[in-house]
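# Notes for the structure review
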Amino acid sequence: YMTGGKIVILGPTGRNIGAGMTGGVTFIFDERNDLEKKVNKEIVSIHKIHNSHQEKIIKDIISDYLKHTGSLKASKLLNDWDYSKQIFKMIVPPSEEQVLFIDKSSKS
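## A look at the pattern of salt bridges
- Counted according to the given criterion, the structure contains 6 salt bridges.
- The closest approach of N and O atoms between D34 and K38, which form a salt bridge, is 3.4 Å.
- Looking at D34, the relative accessible area reads 18%, which means it is buried.
- Of the residues examined, K38 reaches a relative accessible area of 14% and is grouped as buried.

## A short note on the pairing of strand β2 (residues 21-29)
- Counted residue by residue, β2 has 8 buried out of 9 residues, so it is predominantly covered.
- The pairing of strand β1 (residues 2-9) with β2 spans 6 bridges and is parallel. Bridging across to β2, T3 finds its partner in G23.
- As judged from the 4 bridges shared by β2 and strand β4 (residues 88-92), these two strands associate in the antiparallel manner.

## Quick word on the confidence of the model for the protein
- Averaged over every residue, the pLDDT of the protein is 89; residues scoring 70 or more account for 90%.
- When mean pLDDT is taken per element in the protein, helix α2 (residues 72-79) scores highest with 98 and β1 scores lowest with 90.

Conventions adopted
Residues numbered from 1 in each chain as written. Predicted model: local features only at pLDDT ≥ 70, side-chain atom pairs only at ≥ 80, totals over all residues. Heavy atoms only, no water. Salt bridge = Lys/Arg side-chain N within 4 Å of Asp/Glu carboxyl O. Buried < 20%, exposed > 50% of the residue type's maximum accessible area, 1.4 Å probe, protein only. Helix = DSSP H or I, 4+ residues; strand = E, 2+ residues; numbered from the N terminus. Pairing = 2+ DSSP bridges. pLDDT = per-residue confidence, 0-100.

If you want it as structure tokens, here you go:
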């Protein structure tokens, strides 16, 4: 269950993402563009990254991860941010949409 916080997932995911998610936000690097079929849309919605506030959250988490792990993937994503940010998607329960300045037109 996810009831708060922010996470970034840089790798592949399983199915039923968002089940039990009542708070927080998940940012997923959707490299395979298959997230849509894995998300429990009864509970959460999928959005594209569409503002600097959302970008800053992701970049701060990835930068911290890079600092602590030396991850080549994190480094690559940050070095090619203009491309990378287009691949990220947000998984958001209704309770968090206002906090993240969600634009309803950003739904995937």
